[in-house]
Amino acid sequence: MPLFTRDPRHQHLAAVLVPLLKKSCPPGGGGFGGWYELRLDVDEAEDLGGVGLIRSAMRQAARSLGWSRLQTFGGTYPQLVVAGVVDQRRIPEEFAAVIDEYRMARMLASAEVVSQELQGGKQQPVPNCVYAATQEFRAAYAAGVPE
């Protein structure tokens, strides 16, 4: 397995991802229950170092937030690269209800978007959807890491 941490893009990616992963955690959830996914053009992902480097940077960013149990996923497809990370720590009881409610609200919002699309209506944005997260990532990466 390549050592991605020596690539200068790795540290930059990890630094950009930390606040985005933090933002992916449900409000009031104590920093638990985060989930983040990017869908990038193949050329764009290659410029960033490829799916392996992106996943490695996601792992580093997640661990810096205390995500001691996590899962990364990713793959390259003909026109798309997908990479993501999921916080898999046990959720403390005091945050469980908040996180469950947040996840349910996201699922319902996603189902509503699909329903509207099938009925020919105007699509409404879903909070923290993959499309919005990818756009936010692109802007943050282009802006650089604040010193």
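Structure: above.
Residues numbered from 1 in each chain as written. Predicted model: local features only at pLDDT ≥ 70, side-chain atom pairs only at ≥ 80, totals over all residues. Heavy atoms only, no water.

Trainee: So what exactly am I meant to see when it comes to the pairing of strand β3 (residues 80-87) here?
Mentor: On a regular strand, one side chain projects to one face of the sheet and the next to the other, so that they alternate. With respect to burial, β3 is a largely interior element, seven of its eight residues being buried. Bridge analysis of strand β2 (residues 70-77) against β3 gives eight bridges, and the strand direction is antiparallel. Bridge pairing links T76 to V81 in β3. Linking β2 to β3, which pair antiparallel, is a turn of two residues. (Buried < 20%, exposed > 50% of the residue type's maximum accessible area, 1.4 Å probe, protein only. Helix = DSSP H or I, 4+ residues; strand = E, 2+ residues; numbered from the N terminus. Pairing = 2+ DSSP bridges.)

Trainee: Any chance you could explain a negative patch on the surface here in plain terms?
Mentor: The grouping of D41, D43, E46 and D47 at the surface amounts to a negative patch. A residue is classified by how much of its surface remains accessible, and D43, at 62% relative accessible area, is exposed. (Patch = residues over 30% accessible without salt bridge, like charges linked within 9 Å, V, L, I, M, F, W, Y side chains within 5 Å. Areas by Shrake-Rupley, 256 points an atom, 1.4 Å probe, with all protein chains shown as cover. Salt bridge = Lys/Arg side-chain N within 4 Å of Asp/Glu carboxyl O. Lys, Arg positive; Asp, Glu negative; His and termini not counted. Charge placed at Lys NZ, Arg CZ, Asp CG, Glu CD.)

Trainee: I would appreciate a short explanation of the sheet that holds β3 in the present structure.
Mentor: Sheets are built from strands that pair by backbone hydrogen bonding, the pairs being arranged parallel or antiparallel. Taken together, the three strands give an open sheet; going across it, the order is β1-β3-β2, and neighbouring strands pair in antiparallel fashion. In this open sheet, the two strands that pair with only one neighbour each are β1 (35-40) and β2. For this sheet, the mean angle separating the axes of adjacent strands, direction not counted, is 5°. Each of β1, β2 and β3 touches helix α3 (residues 50-64); the most contacted strand, β2, lies at about 160° to it. (Axes fitted to C-alpha atoms, helices over the stretch in contact; angles between N-to-C directions. Contact = heavy atoms within 4.5 Å.)

Trainee: How do you make sense of the pattern of salt bridges when you look at a structure like this?
Mentor: One side chain can pair with another of opposite charge once the charged atoms of both are near each other. Overall, the coordinates contain five salt bridges when judged by the stated rule. When the shortest N-O distance is used, the salt bridge between E37 and R39 registers 2.7 Å. On the accessibility criterion, R39 (42% relative accessible area) is partly exposed. Note that D87 is salt-bridged to R89, the shortest N-O span being 2.7 Å. The buried category is assigned to D87, whose relative accessible area is 5%.

Trainee: I keep staring at helix α1 (residues 8-23) and nothing clicks. Help me out?
Mentor: The periodicity of an α-helix, 3.6 residues per turn, causes residues three or four places apart in sequence to face the same way. L17 marks the point of greatest bend in α1, at about 30°, and the proline P19 comes within the next four residues. Of the surrounding elements, those touching the buried residues of α1 are β1, α2 (42-48), α3, β3 and α5 (130-143). (Bend = angle between axes of the 7 residues up to and from the residue.)

Trainee: How should the packing of aromatic side chains be read in this particular structure?
Mentor: For any two aromatic rings, the description comes down to two numbers: the centre-to-centre distance and the angle of the planes. Summed over all chains, the structure comprises two aromatic pairs. Ring geometry for F32 and F95: centres 5.9 Å apart, planes at 25°, overall stacked. Taken together, the positions of F32 in the loop between α1 and β1 and F95 in helix α4 (residues 93-118) put the pair 63 residues apart, joining distant regions of the chain. Residue F32 is classed as buried on the basis of its relative accessible area of 14%. (Phe/Tyr/Trp six-rings, centres within 6.5 Å; stacked < 30°, edge-to-face > 60°.)

Trainee: Mind showing me how you'd approach a nonpolar patch on the surface here?
Mentor: Among the surface-exposed residues, M104, M107 and L108 lie close enough to one another that they form a single nonpolar patch of about 320 Å² accessible area. With respect to the helices and strands, L108 occurs in helix α4.

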